[in-house]
Amino acid sequence: MNYFLFVVKAAIEDFRRNKTQTFLTSLGILIGVFAVVMLTALGLGLKQYINDQFAALGKNTIFLVPGKILSGGSFNATSALASIKFDNRDLLRLKRLKEIREISPIFSKQTTAKSEKKSEDTTIIFSSEAFFDINGFKIKKGRFFEKADIDKKAKVVVIGPKLAEKLFGSVEAALDSKVSANNINFIVIGITESKGGGGFGGPDYDNYMFSPYTTGFIFNTAKTYSRFAIKFDENYSIMDVKETIKKEFLKRYDEDSFSIIEPGDILSAVNSIFGILNMVLVAIASISLVVGGIGIMNIMFVTVSDKTKEIGVRRAIGARKKDILVQFIIESTILSILGGFLGLTLAYIGTLIVQKFFPAYIDVSSVVLALGVSSAIGIIFGVFPAKRAADLEPVEAIRYE
Amino acid sequence: MIKFKNVWKIYKLDGEIEYQALKNINLEIKEKEFVSIIGPSGSGKSTLMHLIGLLDKPTKGEILIDGKNVAKFSDDELSTLRNEFVGFVFQQFNLIPKLTVLENILLPTIYARKKLTYDPRKKALDLIKKFGLSGKEYSYPNKISGGQQQRVAILRALIMEPKLILADEPTGNLDSKTGIEIMNLLKKLNEKEGITIVVVTHEADIAAYGKRIIKIKDGEIVRN
Ligand SMILES: Nc1ncnc2c1ncn2[C@@H]1O[C@H](COP(=O)(O)OP(=O)(O)OP(=O)(O)O)[C@@H](O)[C@H]1O
Ligand SMILES: [Mg+2]
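Residues numbered from 1 in each chain as written. Chains lettered and ligands numbered in written order. Predicted model: local features only at pLDDT ≥ 70, side-chain atom pairs only at ≥ 80, totals over all residues. Heavy atoms only, no water.

**Student:** I keep staring at the sheet that holds strand β2 (residues 18–29) of chain B and nothing clicks. Help me out?
**Tutor:** Pairing between the strands of a sheet comes from backbone hydrogen bonds, and it takes one of two forms, parallel or antiparallel. All names here are of chain B. Spatially, the four strands line up as an open sheet ordered β2-β1-β4-β5, and their pairing is antiparallel. With one partner strand each, in any of the chains shown, β2 and β5 (68–69) form the two edges of the open sheet. In this sheet, β2 lies alongside strand β1 (residues 2–12) in antiparallel orientation, the contact comprising eight bridges. From the neighbouring strand, Tyr11 faces β2, where its bridge partner is Tyr19. (Pairing = 2+ DSSP bridges. Helix = DSSP H or I, 4+ residues; strand = E, 2+ residues; numbered from the N terminus.)

In structure tokens form, the structure reads like this:
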């Protein structure tokens, strides 16, 4: 114990006397740990963000989409494109099922919305009134459209708060105003509360418009739907509901023509995509840790040659080879941990800054990992210089000037 | 205590050229002796001292410590012997600059394999007081005089209570007055504590402190 205290004290005294060199030596590790911890923090934040987004969808919700988009929990983009579309027969089929409480057919259209003063590119989602409840929307001003609007094919829209501001300057001004899309005039009957989203978290609902699906047939003469959002009766298990729907749809389609997805599926798919992306980034950042380790090794070789005389003296007063070995490994480990600690501190500060714009957080495991990895690097890259120090012949070392 | 039997130290210079730094040395150092080794520069004094101090191994011949052949010892065993049995004092003091006076004196004890019969810190502080270094315990070597540094080096050599102290030009970097102080100190250690002392020097008046003077020239003992 006494021994370690001595070695550590001597190393720290050394570093204290050569602050600049010490800092530059640990800079590589500092950058590496900073990058790894920061990216991990962003990855964790992203995961949290996605989870929050899907939490808003509520329980007992599933989606029915054409094509086979999910296979084995990961996203299968190619088959999502080539697929059938649903139609009214499917809607009626689903409406007959006792397990289903609410259902909304959905299709959407990219368009340019025009107010009197401005125009904005946007997406209109055409759905039934159930869409809002299923997706957990809340109204900020005015009202959602209702069953009566569906039946009347009313030319009304509910719009997202961001779009409302862009088109009309304010949410208040948007209500009851006119907006046109593809030369069809709509009346704004409501503005939703902000749902966040956009960016990584799913559709950018705050910039969308929502209108009755029956009205949307103006643009969609084939009367097809690109998906169904379904809220099922909580007395049934999700497995049963999926099974029932599947059985029903297999009467008309083959197995690969449609997918039943629950938010959990999407969640795990999105998470797996970003998880992989994050892992790749972290792996790339880890390379800088190795580079940092090589930097430390380099300096340790220089240190060993600078301290040849000291090594000789220590051997003369009784230090064994392994004592010298341990001394230099401890020294490089302290250097590396110092870099790790500084990198961690910097990442912590970085996280605090990023949190203003985006969720990001450092968890215990990344702290443990950062310090663990940097000590491991110190040990691994310290071994070669330390071995050289230990293998010096005592006479050669003591004669060294 | 230490016996050299036909000891040679031959350095291989580049290529085939050999340099005989020590030639057929036969020598015995007995317990409680005070021996001076004197000779001109390059005569092989330091080489001889490194062999006595187990820092080096002979090219030919045998070195016996208490009757045991040094060649048979492992590197760890030699380290332990250096730690417990020998104390070194060098011309350039060779203190560790980033350790305080007290820590430098304690340094051999952290490498000690045997259980010490005393509290090393207390012993170090006692020695510091006894050898007139009070107040310098927590100073760093560059903050004290050469004579004080050499005394610290002697205390570092003493802390493990060795039987033998080897001093290579201990006065070489000191003025003559301080040099005399250091030599008197070594003399006292030999007389009062019974520690065997070997001093290497090229100055006759320093060598005169020895009860026996070994004269060496071109790697050979010319007078014993
Ligand atoms: N590693 C080595 N390789 C080759 N020659 C060496 C080596 N070490 C010492 N020598 C040579 O051996 C000879 C004796 O060296 P040594 O250091 O023992 O002399 P010294 O008597 O202590 O001299 P000084 O009074 O200058 O210290 C010198 O000529 C030196 O150059
Ligand atoms: Mg010499």
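**Student:** What is the right way to look at the packing of aromatic side chains in this model?
**Tutor:** When we look at a pair of aromatic rings, we describe it by the centre distance and by the angle of the planes. With the rule as written, the count across this model stands at 27 aromatic pairs over all chains. Each ring, one from A:Phe137 and one from A:Tyr205, has its centre 5.1 Å from the other, and the planes form 65°; the classification is edge-to-face. Pair noted here: A:Phe137 is in the loop between α5 (130–134) and β6 (139–142) and A:Tyr205 is in the loop between β9 (184–192) and β10 (209–212), with a separation of 68 residues, a long-range link. Its relative accessible area of 8% is what places A:Phe137 among the buried residues. Taking relative accessible area as the criterion, A:Tyr205 reaches 9% and is therefore assigned buried. Ring geometry for A:Phe249 and A:Tyr253: centres 5.8 Å apart, planes at 35°, overall tilted. By relative accessible area, A:Phe249 is classed as buried at 0%. By way of ring pairs, the aromatic residues A:Phe86, A:Phe107, A:Phe126, A:Tyr213, A:Phe217, A:Phe219, A:Tyr225, A:Phe228, A:Phe249, A:Tyr253 and A:Phe258 are connected into one cluster. Between the NZ or CZ atom of A:Arg17 and the centre of the ring of B:Tyr140, over which it lies, the distance is 4.9 Å. In this structure, B:Lys60 is placed above the aromatic ring of B:Trp8, and the distance from its NZ or CZ to the ring centre is 4.6 Å. (Phe/Tyr/Trp six-rings, centres within 6.5 Å; stacked < 30°, edge-to-face > 60°. Buried < 20%, exposed > 50% of the residue type's maximum accessible area, 1.4 Å probe, protein only. Lys NZ or Arg CZ within 6 Å of the ring centre and 35° of its normal.)

**Student:** When you look at the nonpolar core in this model, what are you seeing that I'm missing?
**Tutor:** A general feature of soluble globular proteins is that nonpolar side chains tend to end up buried together. Formed by 76 residues in total, the largest nonpolar core has its most connected members in B:Ile165, B:Leu186 and B:Leu189. When neighbours within four sequence positions are excluded, B:Leu189 is seen to be in contact with B:Phe131, B:Ile154, B:Leu158, B:Ile165, B:Gly194, B:Ile195 and B:Ile197. In this structure, A:Ile125, A:Ala130, A:Ile150 and A:Ile260 belong to the second largest nonpolar core, which totals 60 residues. (Core = buried A, V, L, I, M, F, W, Y, C linked by side-chain atoms within 4.5 Å. Contact = heavy atoms within 4.5 Å.)

**Student:** So what exactly am I meant to see when it comes to the domain arrangement of chain A here?
**Tutor:** By a widely used convention, the size of an interface equals the accessible area lost when the partners come together. Domain boundaries in chain A define domain 1 (2–52 + 270–399) and domain 2 (85–252). Inter-centroid distance (C-alpha atoms) of domain 1 of chain A to domain 2 of chain A is 54 Å. (Domains from an automatic or database assignment.)

**Student:** Please explain the interface of chain B and chain A as it appears in this structure.
**Tutor:** In this assembly, 29 residues from chain B lie in contact with 28 residues from chain A. Of the roughly 2,800 Å² buried between chain B and chain A, counting both surfaces, carbon and sulfur atoms make up 57%. Among the salt bridges present, the one from B:Asp76 reaches A:Lys322, with a minimum N-O distance of 2.9 Å. Our count for the contact surface shared by chain B and chain A stands at 15 residue pairs in polar contact (both at pLDDT 80 or more). Looking at side-chain class alone, the side of chain B that touches chain A contains 13 nonpolar, eight polar and eight charged residues. (Buried area = accessible area lost by both parts, 1.4 Å probe. Salt bridge = Lys/Arg side-chain N within 4 Å of Asp/Glu carboxyl O. Polar contact = N/O pair within 3.5 Å; in protein donor to acceptor, adjacent residues only side chain to side chain. Nonpolar A, V, L, I, M, F, W, Y, C, P; charged D, E, K, R; others polar.)

**Student:** Which parts of the structure should I look at to understand the site of ligand 1?
**Tutor:** Near ligand 1 you find 14 residues, and of these A:Arg399, B:Ser41, B:Lys45, B:Ser46 and B:Thr47 are the closest. Surrounding ligand 1 is a set of residues that belongs to chains A and B. At 3.5 Å, a side-chain N or O of B:Tyr11 approaches a nitrogen atom of ligand 1. The side chain of B:Lys45 places a nitrogen or oxygen atom 2.8 Å from an oxygen atom of ligand 1. For ligand 1, the accessible surface in isolation is 640 Å², of which the surrounding protein chains cover 69%. For the shell around ligand 1, the secondary structure elements donating two or more residues are β2 and α1 (45–52) of chain B. It is α1(B) that provides the largest number of residues to the shell around ligand 1, a total of three residues. Broken down by class, the residue content of the shell around ligand 1 amounts to five nonpolar, six polar and three charged. (Near = heavy atom within 4 Å. Areas by Shrake-Rupley, 256 points an atom, 1.4 Å probe, with all protein chains shown as cover.)

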